[in-house]
Amino acid sequence: MHELSIAESLFELCRERLPAGHRLATVQIDVGELSSIEPELLRFAWQAVVAGSPHTDATLQVTWHRAEQLCPRCGEVAERQPGSWLRFCPLCLEPLSVRGGDQLDLVAITTIPLPADLEVSS
Ligand SMILES: [Zn+2]
């Protein structure tokens, strides 16, 4: 499961950006359809990676991005079923190209000062 090593790298990246005396609250990432990442597995791996650390409650928010199939001749964006691909434009039969969907980006993190963590939030 390569999601585990991705979650570990992501956690490392987040800790590098963490201000001193803070813990992670939320981590937002963009994941594309072509990144070969299963968002559910990545969330599961994330929970395993942060468990037992001060960041154990940090939430991983995954925004999923589909890849688009585009016709270079007529500009038609071809509709397709998730996970299936078309080879040719349905209108002009030109071979389709692919746009987007390869994201694997850390978008933002939010943090909470550690002392506040000890208080009961209302
Ligand atoms: Zn076309």
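Residues numbered from 1 in each chain as written. Predicted model: local features only at pLDDT ≥ 70, side-chain atom pairs only at ≥ 80, totals over all residues. Heavy atoms only, no water.

Caption draft 1: Region of the structure containing the side chain of arginine 80. One can find arginine 80 in the loop between strand E4 (77–78) and strand E5 (97–99). By relative accessible area, arginine 80 is classed as buried at 7%. For arginine 80, the side chain forms a polar contact with the main-chain oxygen of serine 84, separated by 3.0 Å. In contact with arginine 80, other than residues within four places in its own chain, are Glu33, Arg66, Ala67, Gln69, Trp85 and Leu86. (Helix = DSSP H or I, 4+ residues; strand = E, 2+ residues; numbered from the N terminus. Buried < 20%, exposed > 50% of the residue type's maximum accessible area, 1.4 Å probe, protein only. Polar contact = N/O pair within 3.5 Å; in protein donor to acceptor, adjacent residues only side chain to side chain. Contact = heavy atoms within 4.5 Å.)

Caption draft 2: Up close: the coordination of the zinc ion. Taken together, the protein ligands of the zinc ion are Cys71 (SG), Cys74 (SG), Cys89 (SG) and Cys92 (SG), with distances of 2.3 Å. Bound by four donor atoms, the zinc ion shows angles of 100 to 124° at the metal and therefore tetrahedral coordination geometry. Positions of the donor residues of the zinc ion, expressed as sequence spacing, correspond to C-x2-C-x14-C-x2-C. You can see cysteine 74 sitting in the loop between strand E3 (68–70) and E4 and its partner cysteine 92 sitting in the loop between E4 and E5, a full 18 residues away along the chain. (Donors = N, O, S within 2.8 Å, 3.2 Å for Na, K, Ca; no water. Tetrahedral: all angles 85-135°; square planar, octahedral: opposite > 155°, others 65-115°.)

Caption draft 3: Spotlight on the nonpolar core. The biggest cluster of nonpolar side chains holds 20 residues, and the ones touching the most others in it are Leu10, Leu24, Val27, Ile29, Leu42, Trp46 and Leu60. At the level of secondary structure, the elements contributing two or more residues to this core comprise helix H1 (2–17), strand E1 (22–32), helix H2 (39–50) and strand E2 (59–65). If near-sequence neighbours (up to four positions away) are discounted, leucine 60 is found in contact with Leu10, Val27, Ile29, Leu42, Arg43 and Trp46. (Core = buried A, V, L, I, M, F, W, Y, C linked by side-chain atoms within 4.5 Å.)

Caption draft 4: Layout of the pattern of salt bridges. Applying the stated rule across the entire model yields five salt bridges. Residue glutamate 40 is joined to arginine 43 by a salt bridge in which the shortest nitrogen-to-oxygen separation is 2.4 Å. Here the residue glutamate 40 and the residue arginine 43 both occupy positions in helix H2, the gap between them amounting to three residues, near one helical turn. On the accessibility criterion, glutamate 40 (54% relative accessible area) is exposed. Of the charged contacts, one joins glutamate 94 and arginine 73 as a salt bridge, the two residues approaching to 2.8 Å between their closest N and O atoms. Here glutamate 94 is found in the loop between E4 and E5, whereas its partner arginine 73 is found in the loop between E3 and E4, with 21 residues between them in sequence. On the basis of relative accessibility, which here comes to 57%, the residue arginine 73 falls in the exposed class. (Salt bridge = Lys/Arg side-chain N within 4 Å of Asp/Glu carboxyl O.)

Interpretation in functional terms is not warranted from these geometric data alone.
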